[in-house]
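# Breakdown of the fold
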Amino acid sequence: MREPDIRTDGWCLENGEAYHRAAPETFCIPERLSREALQPGDLVKLIFRISIDDPDEPEAVERMWVLVRERIKGGGYLGILDNDPYAVAENDEFWSGIELPFWPHHIIDIQQRDENTLSLACEEPKRRWL
């Protein structure tokens, strides 16, 4: 499954492990084993780079929560965006409820699932990833 690409999709995911390597004392991320053992209903925070219509700053970076739906081949996950991005107006392509792929190296925070998030993980996304 392909990763999101800013040129094709208008957004992409940043590598959380790279941020941690650059500032290990101040940019903490969960242990790799935790990032590889997610289950449906868990919430993860990812860093998004979003293309915007501003000639002075053509990209915005936002940290947003994603609800884990399922594991995918190759060690990744499919999730549902659980935030609305501040940098763009509401749209059908990139807004809360869309499905997106991600991998353990993208994850910068984890919140454990509960009954509510388990239920939400079973719902159909507003828009499926390719």
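In short, a report on the structure. Predicted model, so just to flag it, every value in this text is computed and none were measured.

When its secondary structure is counted, the protein shows 4 helices and 6 strands. Ordering the α and β elements of the protein from the N terminus gives α-β-α-α-β-β-β-β-β-α. Relative to a compact globule of 130 residues, whose C-alpha radius of gyration would be 14 Å, the protein shows 14 Å and is just as compact. Reported as C-alpha extents along the three principal axes, the dimensions of the protein are approximately 40 × 40 × 25 Å. Within the protein, the fraction of its 130 residues that count as buried is 45%. Long-range pairs, those at least 24 residues apart, make up 62% of the contacts in the protein with a sequence separation of at least 6. Carbon and sulfur atoms make up 46% of the accessible area of the protein, which totals about 7,500 Å². The protein carries 15 positive and 27 negative side-chain charges, and their two centres are separated by 7 Å.

The next subject is the side chain of Ser-96. In this structure, Ser-96 sits in the loop between strand S4 (76-81) and strand S5 (99-102). Only 2.6 Å separates the side chain of Ser-96 from the side chain of Asp-84, close enough to count as a polar contact. Not counting residues up to four positions away in its chain, the partners in contact with Ser-96 are Leu-81, Asp-82, Asn-83, Asp-84 and Lys-126.

About the thresholds
- Residues numbered from 1 in each chain as written.
- Predicted model: local features only at pLDDT ≥ 70, side-chain atom pairs only at ≥ 80, totals over all residues.
- Heavy atoms only, no water.
- Helix = DSSP H or I, 4+ residues; strand = E, 2+ residues; numbered from the N terminus.
- Rg over C-alpha atoms; globule rule 2.2 N^0.38 Å.
- Buried < 20%, exposed > 50% of the residue type's maximum accessible area, 1.4 Å probe, protein only.
- Contact = heavy atoms within 4.5 Å.
- Areas by Shrake-Rupley, 256 points an atom, 1.4 Å probe, with all protein chains shown as cover.
- Lys, Arg positive; Asp, Glu negative; His and termini not counted.
- Charge placed at Lys NZ, Arg CZ, Asp CG, Glu CD.
- Polar contact = N/O pair within 3.5 Å; in protein donor to acceptor, adjacent residues only side chain to side chain.

Note that all results are geometric; they support no functional claim without further evidence.
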